[in-house]
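Each chain, written out:
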Amino acid sequence: MQYQWAEDDFDLPYGVVPMGHDAPVMDRRYVMYHGTTRAAAQSILKSGFRQSREGMLGAGVYLSRDLQKASRYPIDHPEADRVVIKVTVNVGKVIRIHYQGHPRQKNWHDRRSGPVFDTAWVPPNCGMVKSGLEEDCVWDPNRIKILKTIAPKPTTGAWGHM
């Protein structure tokens, strides 16, 4: 079965900036998306986000301003059981991580390594993400406010059948 991930981005909360391909601007609020399973989404809705322990950018909450990117997660999980959580994020101080092996790739939030950042941003098409889509990692889950969940909708086939 084919699925469609659709979202109406015309109803942005007050003070929230729409998605662009430019770097997130310090202390702005953006709509972002987090892809997960239905079960994990229920846990997040009940208890809030928690940092993942590891990942390409180290510990943090992984998000994207691109719904299509978030809808791919978890990779290799049945699409019918995936959910995307739509959130707003105050990105705080942002660092651009645009290549593998960047000196701050995993320690951007650690003051022992230099200035502290609230969000690490991987720009689109920089070679770090296989899909070529942007990725963000937010250190403090309290910067994230949940708006709603988005589930995939079955699409009709070429002949009008599901």
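Since we're looking at a predicted model, the values are computed, not measured. (Residues numbered from 1 in each chain as written. Predicted model: local features only at pLDDT ≥ 70, side-chain atom pairs only at ≥ 80, totals over all residues. Heavy atoms only, no water.)

A. Expanded view of the overall build of the chain. Summing up its helical and strand segments, the chain has two helices and 10 strands in all. Taken from the N to the C terminus, the helices and strands of the chain come in the order β-β-β-α-β-α-β-β-β-β-β-β. Here the chain holds 162 residues, and 41% of them are scored as buried. Pairs at least 24 apart in sequence give 72% of the contacts found in the chain among residues at least 6 apart. (Helix = DSSP H or I, 4+ residues; strand = E, 2+ residues; numbered from the N terminus. Buried < 20%, exposed > 50% of the residue type's maximum accessible area, 1.4 Å probe, protein only. Contact = heavy atoms within 4.5 Å.)

B. Representation of unusual backbone geometry in the model. Residue P74 is bonded to the preceding Y73 through a cis peptide linkage, with omega at -10°. As for its placement among the helices and strands, P74 is situated in the loop between α2 (67-70) and β5 (82-90). Positive phi, close to 65°, is recorded for D27, a residue that is not glycine. A positive phi angle is found at D76, which is not glycine, with a value near 65°. In this fold, D76 is placed in the loop between α2 and β5. On the accessibility criterion, D76 (79% relative accessible area) is exposed.

C. Molecular detail of the nonpolar core. Counting 14 residues, the largest nonpolar core has M32, F49, L63, I85, V87, V89 and I144 as the members making the most contacts within it. Those elements that place two or more of their residues in this core are β3 (29-37), α1 (38-47), β4 (61-63) and β5. Per element, the largest residue contribution to this core is four residues, and it comes from β5. Dropping the residues within four chain positions of it, V87 is found in contact with Y30, V31, M32, F49, L63, I144, K145, I146 and L147. F117, V122, M128 and V129 belong to the second largest nonpolar core, which has 12 residues in total. (Core = buried A, V, L, I, M, F, W, Y, C linked by side-chain atoms within 4.5 Å.)

D. Quick peek at the sheet that holds strand β7 (residues 119-122). Spatially, β4-β8-β7-β6 is the arrangement adopted by the four strands of the open sheet, whose pairing is mixed. Only two strands of the sheet have a single neighbouring strand rather than two, namely β4 and β6 (94-96). Taking the axes of each pair of neighbouring strands and ignoring which way they run, one obtains an average angle of 25° across the sheet. Pairing of β6 with β7 involves three bridges; the strand directions are parallel. When the sheet's bridge partners are listed, R96 is paired in β7 with W121. (Pairing = 2+ DSSP bridges. Axes fitted to C-alpha atoms, helices over the stretch in contact; angles between N-to-C directions.)

In short, geometric facts, not functional conclusions.
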